[in-house]
Amino acid sequence: MHELAIAEGILDAAIPEAQRHGAKRVLEVRLKIGELSGVLPYYMQECFRIAAAGTIAESAQLKIERIGVEILCRDCGYEGPVDRKKIRCPNCGSAELKLTRGREYYVDSLEVE
Ligand SMILES: [Zn+2]
């Protein structure tokens, strides 16, 4: 499962970081997930629980925020949000687009104690 590998990667980065700050527990992880990243929030929650079991993040809350899709139009220069179901330039209708947001995912913040 894609999400399990991502959850493990997040914890592999987050736990040493929390420990470096003297944390005993991770209370909350805020994750941002692009709508085109292929990461499904529901599975992410499940996989986070599995990956966090037995670690200092075991009881952490995972908060997920979606990142909308944004494009840069190569034809008219439009830059901004677009409907992810209909990825066309809303200004000129072109499909010559560069995706500027929506594919990424990252840890936005950690709350520890
Ligand atoms: Zn355009």
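So, here's what we can say about the structure. The structure displayed is predicted, hence computed values, not measured ones.

Turning to its location among the elements, Lys-85 is positioned in the loop between strand 4 (79-81) and strand 5 (97-101). The spacing of Lys-85 and Leu-97 is 12 residues in sequence and 14 Å in space, taken between C-alpha atoms.

Adjacent strands of a sheet pair through backbone hydrogen bonds, lying either parallel or antiparallel. Sheet architecture is open: three strands sit in the order 2-1-6, paired in mixed fashion. Each edge of the open sheet carries a strand with a single partner, namely strand 2 (61-67) and strand 6 (105-112). The sheet shows a mean angle of 20° between the axes of neighbouring strands, taken without regard to direction. As judged from the seven bridges shared by strand 1 (residues 26-34) and strand 6, these two strands associate in the antiparallel manner. Its bridge partner being in strand 6, Val-26 is matched across the sheet by Val-112. Of the strands in this sheet, strand 1 and strand 6 touch helix 1 (residues 2-20), which is tilted by about 40° from strand 6. Each of strand 1 and strand 2 is contacted by helix 2 (residues 41-52), which is oriented at about 155° to strand 2, the strand it contacts most.

What counts as what
- Residues numbered from 1 in each chain as written.
- Predicted model: local features only at pLDDT ≥ 70, side-chain atom pairs only at ≥ 80, totals over all residues.
- Heavy atoms only, no water.
- Helix = DSSP H or I, 4+ residues; strand = E, 2+ residues; numbered from the N terminus.
- Pairing = 2+ DSSP bridges.
- Axes fitted to C-alpha atoms, helices over the stretch in contact; angles between N-to-C directions.
- Contact = heavy atoms within 4.5 Å.

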